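# Tertiary structure, described
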Amino acid sequence: MVDLFNALLRQKEQLKGYDVRAEVRDGDILWLEGMARTWTDVVAIGHLAASVPGVRQVVNHLRALHENPPMHDRAPIIAAGRAIGEIDEVDVLIIGGGITGCAAARALSKYDLRILVVEKCSDIGEGNTKSNNGMIHSGYDSKHGTLKARLNVEGNAKYDRWAKELGFKFCRTGSFVAGFDENDRRHMEAFWRTAGKTGVPGIAIISGDEARRIARPI
């Protein structure tokens, strides 16, 4: 993994010359340490590491010469938690009360388990969950054969039932990917082929006139 990552890094012209040290830990975790020029490059190198075949997780400890996010001293919080000691015993501890943590807790609540959701904010859904655009991905642009592609399709199909069970508003409005020339059409055809392989329902390539007819307010 390390040799392949280093080879990929050398191929990226904008990322050459950085002090990046990679190490495999616990079998499939790629740890990165060292220095890059900007925080954007730190993120880019992390994404590159995640693309290496066989890597399941990346721990990115790279720092940038400029624009580093502030470092938080969590030592007092850790000390306070240890001083409290053990306050309860649970079968499942879920860290984070966003959509993923809450969905996991709801699914596990069907079993005879003691479940605890721990959230650092004053309410659930205060992090990335709150910042999403409300669109449910269909999976047409996800790489065929990946877990993301499979779960996009499976998860999308479940929203009708979830909306009924939980009482939230959900509208299947559909979405458009617009193209304006032949190069765009090639991209849309690639999306269409991927959607067919992944099992995305209801996807089609239509004309501009048909798109305007569908989108016209009633």
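Quick note: structure is the one above.
Below is a short write-up of the structure. Note that this is a predicted model, so its numbers are computed, not measured. Sequence positions are assigned chain by chain, starting from 1 and proceeding in written order. With the structure being a predicted model, the display of local features is reserved for residues of pLDDT at least 70 and the display and counting of side-chain atom pairs for 80 or more, all residues being used for whole-chain, interface and lining totals. Note that water and hydrogens are dropped before the side-chain values are worked out from all heavy atoms of the structure.

The next point concerns the packing of aromatic side chains. Remark: the centre distance and the inter-plane angle together describe each pair of aromatic rings, the angle taken between the planes. In this scheme Phe, Tyr and Trp rings, the latter by its six-membered ring, pair at centre separations within 6.5 Å, and the angle between planes marks the pair as stacked below 30 degrees, edge-to-face above 60, and tilted otherwise. In the structure shown here, the tally under the stated rule is 4 aromatic pairs. Where Tyr-159 meets Phe-168, the ring centres are 6.5 Å apart and the plane angle is 75 degrees; that geometry is what we call edge-to-face. Partly exposed describes any residue whose relative accessible area lies between the buried limit of under 20% and the exposed limit of over 50%, with all areas from a 1.4 Å probe on protein chains only and scaled to the type maximum. Taking relative accessible area as the criterion, Tyr-159 reaches 16% and is therefore assigned buried. These aromatic residues form a ring-pair network of at least three members: Tyr-159, Trp-162, Phe-168 and Phe-170.

If DSSP finds at least two bridges between two strands, the strands pair. Labels follow the DSSP assignment, with helices taken as runs of H or I lasting at least four residues and strands as runs of E lasting at least two, numbered in each case from the N terminus. The pairing of strand 2 (residues 29-36) with strand 3 (residues 57-64) spans 8 bridges and is classified as parallel. Paired with Gly-34 across the strands is Leu-62, a residue of strand 3. With strands facing away from the observer, any crossover in which the path from the first strand over the helix to the second runs clockwise is taken as right-handed. In the classification by handedness, the crossover that spans strand 2, the intervening helix 2 (residues 39-50) and the parallel strand 3 is right-handed.

So, about the sheet that holds strand 3. Read across the open sheet, the 3 strands follow the order 1-2-3; overall the sheet is mixed. The sheet is open, and its two borders are formed by strand 1 (19-25) and strand 3, each paired with just one other strand. Each neighbouring strand pair of the sheet contributes to a mean axis angle of 10 degrees, computed without reference to strand direction. Pairing of strand 1 with strand 2, which is carried by 7 bridges, proceeds in the antiparallel orientation. The partner of Glu-23 across the bridge, within strand 2, is Trp-31. Here, residues are in contact when the closest pair of their heavy atoms is within 4.5 Å. Between N-to-C directions, angles cover 0 to 180 degrees, with each direction set by a line fitted to C-alpha atoms, over the stretch in contact for helices. Set on the sheet, helix 1 (residues 2-11) makes contact with strand 1 and strand 2; between it and strand 1 the angle comes to about 155 degrees. Against the sheet, helix 2 touches strand 1, strand 2 and strand 3, its axis set at about 160 degrees to strand 3.

Only buried Ala, Val, Leu, Ile, Met, Phe, Trp, Tyr and Cys residues count toward a nonpolar core, and they belong to the same one when joined by side-chain atoms within 4.5 Å. Phe-5, Leu-9, Val-20, Leu-32 and Ile-45 are the most contacted members of the largest nonpolar core, which totals 16 residues. Of all the elements in the fold, those that place two or more residues in this core are helix 1, strand 2, helix 2 and strand 3. At 4 residues, helix 2 tops the list of elements feeding residues into this core. If we ignore the near neighbours within four places in the chain, the residues touching Val-20 are Phe-5, Leu-9, Glu-33, Met-35, Ile-45 and Leu-62.

Structurally, Asn-156 can be placed in helix 5 (residues 147-166). Residue contacts for Asn-156: discarding those within four places in its chain leaves Ile-136, His-137, Ser-138, Leu-151 and Arg-172.

Let us now look at the side chain of Asp-41. By secondary structure assignment, the location of Asp-41 is in helix 2. With a relative accessible area of 9%, Asp-41 lands in the buried category. Residues contacting Asp-41, with those up to four places away along its chain left out, are Gln-14, Leu-15, Tyr-18 and Ala-36.

Mapping Glu-119 onto the fold places it in the loop between strand 5 (115-118) and helix 5. For Glu-119, a relative accessible area of 26% gives the class partly exposed. Residues Glu-119 and Thr-198 lie 79 residues apart in sequence; the distance between their C-alpha atoms is 35 Å. Glu-119 has contacts with Gly-96, Gly-97 and Gly-98, leaving out every residue within four places of it along the chain. Here a polar contact is recorded for every N or O atom pair within 3.5 Å, except that within protein the pair must consist of a potential hydrogen donor and a potential acceptor, and residues adjacent in sequence are included only if both atoms are side-chain atoms. In terms of polar contacts, Glu-119 uses its side chain to reach the backbone amide nitrogen of Gly-97, at 2.6 Å. Within the structure, Glu-119 has its side chain in polar contact with the backbone nitrogen of Cys-121 (distance 2.9 Å).

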